Protein chains: 2
Amino acid sequence: MSATMHEGLDLSQIPELAAQLRVDSIRASTAAGSGHPTSSMSAADLLATLVARHLRYDWDHPEADGNDHLIFSKGHASPLLYSVYKATGVVSDEELMTGYRRFDQRLEGHPTPVLPWVDVATGSLGQGLPDGVGVALSGKHLEQAPYRVWVLCGDSEMAEGSVWEALDKASHYGLTNLVTLVDVNRLGQRGPTDLGWDLDAYAARVEGFGARAVIIDGHDVSQIDDALAQADDPGDRPLVILARTVKGKGYSAVEDQEDKHGKPIPQDEEEEALRELGGERHLLVRGPRPPAYTRDRAEARPVQLPTFEVGEELATRKAYGKALVALGHADPRVVALDGEVSNSTGTGDFVAEFPERFFEMYIAEQQMVAAATGLSVRGHIAFASSFAAFLTRAADFVRMAPVSRVDLRMVGSHAGVEIGADGPSQMGLEDLALFAATQGSTVLYPSDATSTAALVEQMAATSGVSYLRTTRGGYPVLYEAGEEFPVGGSKTLVSSASDDVTLIGAGVTLHQALSAAATLAEQGIRARVIDAYSVKPLDAEGIRAAVDATGGRVVVAEDHHAEGGLGAAVLAALATESIQDLHLEHLAVDGVPGSGSTAELLDWAGIDAAHIAAAARSLLEV
Amino acid sequence: MSATMHEGLDLSQIPELAAQLRVDSIRASTAAGSGHPTSSMSAADLLATLVARHLRYDWDHPEADGNDHLIFSKGHASPLLYSVYKATGVVSDEELMTGYRRFDQRLEGHPTPVLPWVDVATGSLGQGLPDGVGVALSGKHLEQAPYRVWVLCGDSEMAEGSVWEALDKASHYGLTNLVTLVDVNRLGQRGPTDLGWDLDAYAARVEGFGARAVIIDGHDVSQIDDALAQADDPGDRPLVILARTVKGKGYSAVEDQEDKHGKPIPQDEEEEALRELGGERHLLVRGPRPPAYTRDRAEARPVQLPTFEVGEELATRKAYGKALVALGHADPRVVALDGEVSNSTGTGDFVAEFPERFFEMYIAEQQMVAAATGLSVRGHIAFASSFAAFLTRAADFVRMAPVSRVDLRMVGSHAGVEIGADGPSQMGLEDLALFAATQGSTVLYPSDATSTAALVEQMAATSGVSYLRTTRGGYPVLYEAGEEFPVGGSKTLVSSASDDVTLIGAGVTLHQALSAAATLAEQGIRARVIDAYSVKPLDAEGIRAAVDATGGRVVVAEDHHAEGGLGAAVLAALATESIQDLHLEHLAVDGVPGSGSTAELLDWAGIDAAHIAAAARSLLEV
């Protein structure tokens, strides 16, 4: 095939490009034997017009700072996206036909940043728009950049609350650089959507949430073009284009039909479908180029971490705030987000010092994590905080972060029953399990202010998802300033040449373990005490050595449920080599706690010093 | 103290009751030394009017079927709720003053169903309203009951997307029996809310989502009374009362002040506060009684489970659907919900058979789980399904289910890399960790159709949170019809008197383990193969015995990340007694998968038969 590169297209040429996108969406998915051609065909006119006439993008330089961003929140329309890539010449027809959905190929079933033109992975619906809000926040408020963020949403995903969290924040932050296109094709996977083609109902919601709704016929390229052009003169509200479309548009046998979702056109129908669409084309088209813009890349300076006196009592959540301020001074890329509890998480210190680098996400944890994801796309070092318990609200966004290959730094305060009177709804007891099960994650759980500050500094340099768990109450500083806390390390706080048992704790249980060791010492039992501040990766070698040195006797105590936390990590570490003669007591929270004082609840849970000491004694009696 | 019980109150008496609720909110939280009096005081007029004149409730019989439901979505206003209970006489002044937020007492920091008048635990904002939608769904569509559901929301929590998922479903299902009261006091924890006192903005959102918004002055009892009375003549849309209120109303020193959230009035100010409010009162007030209504309590019949031929290939997700239909025939309490993927999860069979007992939740997993929670409150046996990956969207609702003491039955399909071409966004690889870390949960992972059906029947009788993990692809039936699969059990599919190694799998990896055992047998290695269909509780005893019998050599393979799943459960089970000479290989998914065929991805992940066999051989070479 040969083709001429078109720089932009007249409106009259758009239908040809749109037909090509439909044809290629069919060809790619039929060749793969799976995929979503009908969901692609409904949006083909939107994308053809956008890419040929409005998206400002240097396809030869996807890393260019001035490029617009294009996010397919309806990630299952990947055949359309990849057909767009073919039309711009960055993906070959051969790759489209042989690579789509194949093993070890980059044209995956749903788009991921394995592709240089993709910002974030989509496919879990209702995430692309919230992620786009994060990218737009950077462009509008941190970079003052000329780029726009275009997000294609499906109508089904408008049922996700996260979409409304996104529009709420988009209007709150005046994101006039964000354009949402909603492909209202009326049909979801299983059948009709809730609102069908009631475009006015969508518009009322969009306008209610403070954005500007424009209703168009999504197959009328003139209407599409006019609507997209409004991005050039954005006014004061984010723009949402509500496009009435027909699912499967272009091939009569599937148009507006139920039960055609996620099904390729059968091979024996493909010829007829392509005939209806006018056959294969190989247009090469590129739209407007981005304006000249290079973002400010300020150098980071060395961090001057706050220091603390050994013995001074300070909550790790407060130490986090102080360390974050120090990071903020050292590196202008450091930004923070919080879910309306910055006066509890410690982030308030950063808000006071760097208000222009803080984004209040109100009580919308999904959007908070999505915004951090979008900010990571733009190279910021974003820390997002809330109560550990409430971060679980964003579990699906955390799950997708490794697929998006972004760096996500999260801080969960108020861990465990330690919080006391507020009761179980506020207690993070599952957060370690959630974050540890996240692909490639780093999970940190400091016990004092010095280690907290050191670990916060390391999080800034840690890629992937990292999580810091902090504690509500104040506890004594254990370490001198300057002590190093490598990720994957541990600290031995009490030891002798002939210890009887190893006690492993982190956070509040480390302080309980220290107290238990003192009690045991009075009873003639020598306990080695280990601070497992790095839950993942755990210091497997160090812990194995300690357990070996103490006759295989080990007590692990944690303010978390028994599953998926510190105890599980210790067991997995011990199991990496053959286990000989292991005697382990795992103390963790079982049952639904109530209110009470910290001491009462640690006792109730069986994770306080007395229970740790008793467990140690029981191991020695065996 | 002595008091006369008032049956209802004139409007003129409401301010006295409201003042009492404010006084008691202050007294209780000051006595406890923690709590949220200012968030209680803003809503005192709303609650006084509601409880004395509109809430139809038999306080002596909280279990009465006709009772209205009162849900404090803003659970931190617990002092107000408990003051209401005192005013109705079901909680004594002494309990309020000495029990609130104390250890081992029922007046917890945030309300939970430890109290007989509380339906669901709140305190994770944005959950009470979605839960209330579930209760109202039952009243309107399953029971045709006369009760109404009253939900008190804070304005801060209107930032949670889950609230909009709830209103969307409330209007979709015409829940005119649901009344939402929003206490718009303009201040959140950290400072002003996004929308402040812009009641019109809230109204536009509410109306956009299909509900009826009524704006009132939340301290004008006449306006409140008129608005609440609209519940008696509900029209065709759910009612949302937007009440403009003042945080801390009634004590001038804290009224409309920032930085007064979650802070009791200091003891040395309490006298002045009470003086401003006119001092202590001890009114006893009850409002209207519920109409006579007794719900239909149909008897369940024995379940006739579907049967399958050994060797027949069927996906467990499809077997789930067939079993659910069988349950539906046996027990009218069985209902189902799905997140717009019922044609993938297997639930479609139930939809076809019992459309009136199915609730389509569209793509709103948080609301789906919340609705199941509310349905459980009303005694239904609700099964909620989506892709395993997307259930993580509702993690915070799952976390709260044990605190709410509800039975939650969830089914996640499309587990692991097994799904193939759709790619990582659709692969459940963290779901076992999420559900296993849930307090008191049951986690089931069948490998064939027979065991799936048996386990679905058991889920119906299982209390607490239970989770069934199903697989996309079809695999051979392994068990004869009638085989029993107790929760906490396992099956040994291959064994001899002198086995060399134990292979443990579940779901797709069990089939791979069987294949590996066949290969190993050809090589003269005897493998014992265990189907660990019950991941939590695991058959610790059975697995320990098998591992002991095979020289401590065990391979665990799972289509899940290494953390928090089957391997972790096996290790924890083995560690419950001293471990002697354990040699364990744990095969799990590490890295971000791409697209591909099932076989390619199982190989890539290192969890297919070849890798299992190789791991077994490596253990024997040690």
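- In the annotation of an unreviewed UniProt entry, the entry for chain A reads Transketolase, and the organism field reads Brachybacterium sacelli.
- Quoted verbatim from the Subunit (unreviewed entry) field of UniProt, the annotation for chain A is "Homodimer."

1. Points about the overall build of chain A
And step 1. Secondary structure summary: chain A contains 23 helices and 21 strands in total.
And step 2. For chain A, the C-alpha atoms occupy an extent of roughly 90 × 50 × 40 Å along the three principal directions.
And step 3. Each of the 622 residues in chain A was classed as buried or not, and the buried ones make up 68%.
And step 4. Residue pairs at least 24 apart in sequence account for 78% of intrachain contacts in chain A once pairs closer than 6 positions are excluded.
And step 5. For chain A, the exposed surface amounts to about 18,500 Å²; the carbon and sulfur share of it is 46%.
And step 6. Measuring between centres, the 48 positive side-chain charges of chain A sit 4 Å from its 88 negative side-chain charges.

2. Remarks on the environment of B:T598
Residue and element names in this part refer to chain B.
And step 1. Mapped onto the elements of the fold, T598 is located in helix α22 (residues 598-605).
And step 2. The spacing of T598 and V417 is 181 residues in sequence and 7.0 Å in space, taken between C-alpha atoms.
And step 3. Sequence-distant contacts of T598, defined by excluding residues within four places in its chain, comprise E418, G420 and Y475.
And step 4. A distance of 2.6 Å separates the side chain of T598 from the backbone oxygen of E418, its partner in a polar contact.

3. A short note on the interface of chain B and chain A
Bring the parts together and some accessible area is lost; that lost area is often taken as the interface size.
And step 1. In this assembly, 98 residues from chain B lie in contact with 98 residues from chain A.
And step 2. Note on chain B versus chain A: buried area summed over both sides is about 7,700 Å², and carbon and sulfur give 49% of it.
And step 3. When residues of chain B are sorted by the area they lose upon contact with chain A, B:F103, B:R393 and B:R399 head the list and together hold 10% of the total.
And step 4. Residue classes in the side of chain B that touches chain A are distributed as 36 nonpolar, 36 polar and 26 charged.

4. Let's talk about the domain arrangement of chain A
Residues and elements named next belong to chain A.
And step 1. Taken as a whole, chain A is organised into domain 1 (5-286), domain 2 (313-476) and domain 3 (491-620).
And step 2. A straight line from the C-alpha centre of domain 1 to that of domain 2 covers 33 Å.
And step 3. Tallying the contact residues gives 30 residues for domain 1 and 26 residues for domain 2.
And step 4. Together, the buried faces of domain 1 and domain 2 total about 2,200 Å²; carbon and sulfur atoms form 62% of this surface.
And step 5. R378 is the salt-bridge partner of D65, the closest N and O atoms lying 3.9 Å from each other.
And step 6. Our count for the domain 1 to domain 2 interface comes out at eleven residue pairs in polar contact (both at pLDDT 80 or more).
And step 7. Ranked by the residues each element gives to the side of domain 1 that touches domain 2, the list is headed by helix α6 (residues 128-142), at nine residues.
And step 8. Classifying every residue of the side of domain 1 that touches domain 2 gives twelve nonpolar, twelve polar and six charged.

5. Side note on helix α4 (residues 78-88) of chain B
All names here are of chain B.
And step 1. Of all eleven residues in α4, eleven are buried; the element is thus mostly enclosed.
And step 2. Taken together, the buried positions of α4 are S78, P79, L80, L81, Y82, S83, V84, Y85, K86, A87 and T88.
And step 3. Looking one or two residues beyond α4, the residue adopting positive phi is G89, at roughly 90°.

6. Remarks on the confidence of the model for chain A
And step 1. Taken over all residues, the pLDDT of chain A has a mean of 97, while the share at 70 or more is 99%.
And step 2. Across the interfaces of the predicted complex, the ipTM metric reaches 0.98, alongside a pTM of 0.98.

7. A few points about the pairing of strand β21 (residues 583-589) of chain A
Consecutive side chains along a regular strand alternate between the two faces of the sheet.
All names here are of chain A.
And step 1. Within β21, five of the seven residues are buried, leaving the element largely enclosed by the surrounding structure.
And step 2. Note: strand β20 (residues 553-561) against β21, six bridges, orientation parallel. Its bridge partner being in β21, H561 is matched across the sheet by V589.
And step 3. A crossover connection joins β20 to the parallel β21 through helix α21 (residues 566-574); in handedness this β-α-β unit is right-handed.

8. With respect to the side chain of B:K536
And step 1. Along the chain, B:K536 turns up in strand β19 (residues 534-536).
And step 2. The exposure class of B:K536 is buried, given its relative accessible area of 14%.
And step 3. Among the polar contacts listed, one links the side chain of B:K536 to the side chain of A:E563, at a separation of 3.5 Å.
And step 4. Excluding anything up to four places from it in sequence, B:K536 contacts A:E563, B:A436, B:T438, B:G440, B:S441, B:T442 and B:V443.

9. Digging into the sheet that holds strand β13 (residues 442-444) of chain A
All names here are of chain A.
And step 1. On the basis of which strands lie adjacent, the open sheet formed by seven strands has the order β10-β9-β11-β12-β14-β13-β19 and mixed pairing. Single-partner strands in this sheet number two, and they are β10 (358-360) and β19 (534-536). The sheet shows a mean angle of 20° between the axes of neighbouring strands, direction not considered.
And step 2. In this sheet, β19 lies alongside β13 in antiparallel orientation, the contact comprising two bridges. Its bridge partner being in β19, L444 is matched across the sheet by S534.

10. Some details on helix α23 (residues 609-621) of chain B
Counting along an α-helix, one turn takes 3.6 residues, and residues three or four places apart therefore face a common direction.
Residues and elements named next belong to chain B.
And step 1. Its 13 residues place the ends of α23 18 Å apart at the C-alpha level, agreeing with the 18 Å of an ideal helix rising 1.5 Å per residue.
And step 2. Buried within α23 are the following residues: A609, I612, A613, A615, A616 and L619. Taken around the axis of α23, the buried residues stretch over an arc of 160°, which confines them to a single face. Counted as exposed and oriented over 90 degrees from the buried face of α23: A610 and E621.
And step 3. Looking at the packing, one finds that the buried side of α23 touches β17 (501-505), α19 (508-522), β20 (553-561) and β21 (583-589).

What counts and how
- Residues numbered from 1 in each chain as written.
- Chains lettered and ligands numbered in written order.
- Predicted model: local features only at pLDDT ≥ 70, side-chain atom pairs only at ≥ 80, totals over all residues.
- Heavy atoms only, no water.
- UniProt positions renumbered as here; feature names shortened; annotations may be inferred.
- Helix = DSSP H or I, 4+ residues; strand = E, 2+ residues; numbered from the N terminus.
- Buried < 20%, exposed > 50% of the residue type's maximum accessible area, 1.4 Å probe, protein only.
- Contact = heavy atoms within 4.5 Å.
- Areas by Shrake-Rupley, 256 points an atom, 1.4 Å probe, with all protein chains shown as cover.
- Lys, Arg positive; Asp, Glu negative; His and termini not counted.
- Charge placed at Lys NZ, Arg CZ, Asp CG, Glu CD.
- Polar contact = N/O pair within 3.5 Å; in protein donor to acceptor, adjacent residues only side chain to side chain.
- Buried area = accessible area lost by both parts, 1.4 Å probe.
- Nonpolar A, V, L, I, M, F, W, Y, C, P; charged D, E, K, R; others polar.
- Domains from an automatic or database assignment.
- Salt bridge = Lys/Arg side-chain N within 4 Å of Asp/Glu carboxyl O.
- pLDDT = per-residue confidence, 0-100.
- Pairing = 2+ DSSP bridges.
- Right-handed = clockwise from strand over helix to strand, strands pointing away.
- Axes fitted to C-alpha atoms, helices over the stretch in contact; angles between N-to-C directions.
- Expected span 1.5 Å × (residues − 1).
- Arc of directions from axis to C-beta.

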